Amino acid sequence: MFPGESSRAMCLQVLLPYLMAGLGMVTAGMVLDRVQHWDVFKDITEMFILVPVLVGLKGNLEMTLASRLSTAANTGQMDEPGQQWKMVCSNLALIQVQATVMGFLAAVVSVGLGMLTRGRADLVQAAVLCASSVTTAFIAALCLGLGMVAVIIGSRKVGINPDNVATPIAASLGDLITLSLLAGLGSLLFHHREMSYLPPVVCVFFLALIPVWILIARRCPPISEVLRSGWQPVIVAMSISSVGGLILDKTVSDPNFEGMAVFTPVINGVGGNLVAIQASRISTYLHYWSVPGTLPLKMEANWPNPCVTFCSSGVNSKSARVLVILVVPGHLLFLYSVQLLQGGHTALTPAFVVCYLCAALLQVVILLYVANLMVPWMWRRRMDPDNFSIPYLTALGDLLGTGFLALSFKLILMASSAGTGV
């Protein structure tokens, strides 16, 4: 089933969810471009540090959930209704625990980074930031988790490989839902900041639910193991995304980087989306053909250098080529959509388009190569890639995307200053 899938079949299955995801990210970029001028974002600029972290949390949790359930579905672990119900409930409870804890930690990290760079901290603003972050993470995780379950079960029923569609669909609404919730809830709490008891009460309420979700998650032994050992990748990924958030915070208010707000969710989301598909497919391949601790013979024979990753005849190499091919036409469509919606305040000159596409292509190529190294490496060490690889990869995608995008703006500014007519 899985190894016999042709490049054409994969491309057709991935294409529509990929385009839907990209257009969802364009909409998210337009939302960020608009809300950056709201009072809450102007007064609590740490919100910009929080944006990539919370959006990345969607990748760390929902895409990991999608990968885990896709593997379970493809290997027959969800064929019986009772087993399926237990797997679904335990997984949803797990991501509620992770979302609540990580939403709180993300706010603490954002406050800390803001204090280091500005030399000050406001307790009222910090409380608003924490309450906004925890509530956003909780509601977004619940909505997207339920959506992922429906997509994966539906995909199996209609004969589509869930690995190809689950993660793009998670991304299609994930960024938009997360950013909209963060902006709306943050603005609401900011405008009622004179009610100083409200943000702490909100935080305590969601944190108090954690024991309930833990009891539900522990009903399934594999999920109970993730509950104990699955925190390191999510925390490290949050730290990596925070650096990307710091870059966004420093550039979004600079007139020379006008347009960062609208393009950041797009380039980050597309990169994370494509590498999550590849990681999920490699993980399913390993679960299907091997046991933890040993690689299939074909993987043992080839150290994944760039040629093996992109130019060999293996099934994972074919999928990598398909995903690279999708980058440029997809981003051209997304850039046109941004221009059509008149977002970003940046003229789409040929120089900008070329720099942007080079940044996006380089980001995805690096991510796919790292995925081809990381997933087998984790498998050999008996670490389930479904739980460990995607958080690192999506966080790296956020950092590379934001960094390369800022570098593109800087290169165009330097060329313009040098009088090259750009």
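All values reported here derive from a predicted model rather than from experimental measurement.

Reading the values: rules and limits
In this numbering scheme, every chain counts its residues from 1 along its sequence in written order. Only residues with pLDDT of at least 70 get local features here, since the model is predicted, and only at 80 or more are side-chain atom pairs given and counted; chain-wide, interface and lining totals rely on the full set of residues. Computation of side-chain values: all heavy atoms of the structure, hydrogens and water removed. When a carboxyl oxygen of Asp or Glu lies within 4 Å of a side-chain nitrogen of Lys or Arg, that pair is called a salt bridge. A run of H or I in DSSP becomes a helix once it reaches four residues, and a run of E becomes a strand once it reaches two; helices and strands are each numbered from the N terminus. We call a residue buried when its accessible area falls under 20% of the maximum for its residue type, exposed when it is over 50%, and partly exposed in between, using a 1.4 Å probe and counting protein chains only. Two aromatic rings from Phe, Tyr or Trp, using only the six-membered ring of Trp, form a pair when their centres are within 6.5 Å; if the ring planes differ by under 30 degrees the pair is stacked, by over 60 it is edge-to-face, and anything between is tilted. To define axes, lines are fitted to C-alpha atoms, for helices over the stretch in contact only, and angles between the resulting N-to-C directions are given on a 0 to 180 degree scale. By convention the crossing between two helices is left-handed if the near helix lies anticlockwise of the far one by an angle smaller than a right angle, and right-handed if it lies clockwise. We call two residues in contact when some of their heavy atoms are within 4.5 Å. As a working rule, the residues Ala, Val, Leu, Ile, Met, Phe, Trp, Tyr, Cys and Pro are called nonpolar, Asp, Glu, Lys and Arg charged, and the rest polar, with Gly in that last group.

S.K.: Help me out: how do you make sense of the pattern of salt bridges in this one?
M.R.: A side chain with one charge can pair with a side chain of the opposite charge if their charged atoms come near. Counting across every chain of the model gives one salt bridge. Between Glu 225 and Arg 228 there is a salt bridge, with the nearest N and O atoms lying 2.7 Å from each other. Linking Glu 225 with Arg 228, this pair stays in helix 9 (residues 221-229), spanning three residues, or about one helical turn. Accessibility expressed as a relative area gives 39% for Glu 225, which makes it partly exposed.

S.K.: Could you clarify how one ought to interpret the packing of aromatic side chains in this entry?
M.R.: One pair of aromatic rings is described through two measures. These are the centre distance and the angle between the planes. The tally for this structure, following the rule as stated, stands at 11 aromatic pairs. Measuring from ring centre to ring centre gives 6.2 Å for Phe 138 and Trp 213, while their planes differ by 45°; the resulting arrangement is tilted. In this pair, Phe 138 sits in helix 5 (residues 123-158) while Trp 213 sits in helix 8 (residues 210-217), placing the two residues 75 residues apart along the sequence. With 5.2 Å between their ring centres and 75° between their planes, Phe 205 and Phe 206 make a pair best called edge-to-face. Residue Phe 206 is classed as buried on the basis of its relative accessible area of 10%.

S.K.: Which parts of the structure should I look at to understand unusual backbone geometry?
M.R.: With the exception of glycine, most residues fall at negative phi, and the peptide bonds are largely trans. With phi around 60°, Arg 382 is a residue other than glycine that occupies positive phi space. Here Arg 382 is to be found in the loop between helix 15 (350-380) and helix 16 (385-417). The exposed category is assigned to Arg 382, whose relative accessible area is 64%.

S.K.: What is the right way to read the packing of helix 1 (residues 7-35) against helix 14 (residues 315-340) from this model?
M.R.: Helices that pack against each other are described as a pair by the angle of their axes relative to one another and the distance between those axes. Closest axis-to-axis distance for the helix 1/helix 14 pair is 10 Å, and the angle between their directions is 35°. Crossing of helix 1 against helix 14: the hand is right-handed. Touching Ser 7, Met 10, Cys 11, Val 14, Leu 15, Tyr 18, Leu 19, Gly 22, Leu 23 and Val 26 of helix 1 are Lys 318, Ser 319, Val 322, Leu 323, Leu 326, Val 327, Gly 330, His 331, Leu 333, Phe 334, Ser 337 and Val 338, all from helix 14. Here the residues of the contact of helix 1 with helix 14 sort into 15 nonpolar, six polar and one charged.

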